Amino acid sequence: MTERTGSGHANAGHIEYGREWPLPDEAATEALAVRLAHVLDDGLVLYLHGPLGAGKTSFARALLTALGVGERVKSPTYSLVESYMARDRPAWHLDLYRIADPGELEWLGLDALAEPAALVLVEWPERGAGALPAADLELRLDYAGLGRQALLRAFTARGERLLARLP
Ligand SMILES: Nc1ncnc2c1ncn2[C@@H]1O[C@H](COP(=O)(O)OP(=O)(O)O)[C@@H](O)[C@H]1O
Ligand SMILES: [Mg+2]
């Protein structure tokens, strides 16, 4: 694991800091999600970035399952949004890959995502720009050989605290 601080990305104008992990296999992706679940004690808006097949849905599924979602976590590729209860909190998993314009999201009633206690996981968040709550954390997954590389960055005090506590 490496850590770094500093600027270089603009989301709400600043970045607190980021942490990186190699994820050699799917189990490593799931283990990172489980570690995040263990330190999560509040609502969270997490944007999931990365190319198709990078593991955004794998990560979201492992996180929701670790938070006690008993039902199978489906990819919201076609439904755009799936909702769950995760440890007594409303949880939302969105995949906006098929959205061409953020205006298409109006009918989804995304106001509920702004609830501070909610867990909001968004794949392809750039396609919903302006229609989504701001990210506390952004996870970037990239291909690295046969595995993946993860970069997790915080953009709010809530996100920064979680990132610092992540084992
Ligand atoms: N760290 C990893 N190394 C190698 N393969 C992984 C890793 N994490 C997940 N995978 C695999 O990559 C694929 C990711 O698919 P998915 O989670 O649907 O990607 P996305 O939602 O980013 O399009 C799955 O087949 C999963 O088994
Ligand atoms: Mg996906």
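You'll find the structure just up there.
Q: Honestly, the environment of Arg148 in this entry has me stumped. Any pointers?
A: Here Arg148 is to be found in strand E8 (residues 147–154). On a C-alpha basis, the gap between Arg148 and Trp21 in space is 8.8 Å, while along the polypeptide they are 127 residues apart.

Q: Explanation requested: helix H1 (residues 26–39) in the structure shown.
A: Working note: α-helix, 3.6 residues per turn, so residues spaced by three or four point in the same direction. Look at H1: 21 Å from first C-alpha to last across 14 residues, which is about the 20 Å you get at 1.5 Å a residue. Along H1, the residues that are buried comprise Thr29, Leu32, Ala33 and Leu36. The buried residues of H1 all sit within an arc of 95 degrees when viewed along its axis, so they share a single face. Here the buried face of H1 lies against strand E2 (17–23), helix H2 (56–66) and E8.

Q: What's the story with the nonpolar core in this structure? I'm lost.
A: Within soluble globular proteins, side chains that are nonpolar tend to cluster in buried spots. Residues Leu46, Leu63, Leu121 and Leu137 are the most contacted members of the largest nonpolar core, which totals 39 residues. Looking at this core, the elements with two or more residues in it are H1, strand E3 (44–49), H2, strand E5 (89–95), strand E6 (119–123), strand E7 (137–144), E8 and helix H3 (157–165). Apart from residues lying up to four places away in sequence, Leu46 is in contact with Val120, Leu121, Ala135, Asp136, Leu137 and Leu139.

Q: Help me understand the packing of H1 against H2, please; the structure alone is not making it clear to me.
A: The packing of two helices is summarised by the inter-axis angle and the distance between the axes. It is the contact of H1 with H2, at a shortest axis distance of 8 Å, that shows an interaxial angle of 45 degrees. Judged by the angle between their axes, H1 and H2 are oblique. Here H1 and H2 pass one another in a crossing that is right-handed. Residues Glu26, Thr29, Glu30, Ala33, Val34, Leu36 and Ala37 of H1 form the contact with H2, whose participating residues are Ser58, Phe59, Ala62, Leu63 and Ala66. Taken together, the residues of the contact of H1 with H2 sort by class into eight nonpolar, two polar and two charged.

Q: What's the story with the site of ligand 1 in this structure? I'm lost.
A: As a structural note, the neighbourhood of ligand 1 is formed by 17 residues, with Leu23, Gly55, Lys56, Thr57 and Ser58 the closest of them. Those elements that provide at least two residues to the shell around ligand 1 are H1, H2 and E8.

Q: I'm lost on unusual backbone geometry in this one. Help?
A: Outside of glycine, negative phi angles account for most residues, and trans bonds account for most peptide bonds. Backbone geometry places Leu80, a non-glycine residue, at a positive phi of 75 degrees. Counting through the fold element by element, Leu80 comes out in the loop between H2 and strand E4 (81–86). Judged by the 18 C-beta atoms lying within 10 Å of it, Leu80 falls in the partly exposed class.

About the criteria used
Residues numbered from 1 in each chain as written. Chains lettered and ligands numbered in written order. Predicted model: local features only at pLDDT ≥ 70, side-chain atom pairs only at ≥ 80, totals over all residues. Helix = DSSP H or I, 4+ residues; strand = E, 2+ residues; numbered from the N terminus. Expected span 1.5 Å × (residues − 1). Buried ≥ 20, exposed ≤ 12 C-beta atoms within 10 Å, placed from the backbone. Arc of directions from axis to C-beta. Contact = placed C-beta atoms within 7 Å. Core = buried A, V, L, I, M, F, W, Y, C linked by C-beta atoms within 7 Å. Axes fitted to C-alpha atoms, helices over the stretch in contact; angles between N-to-C directions. Parallel < 35°, antiparallel > 145°, perpendicular 65-115°, else oblique. Left-handed = near helix turned anticlockwise from the far one by under 90°. Nonpolar A, V, L, I, M, F, W, Y, C, P; charged D, E, K, R; others polar. Near = placed C-beta within 6 Å.

Read these as geometric descriptors, not functional statements.
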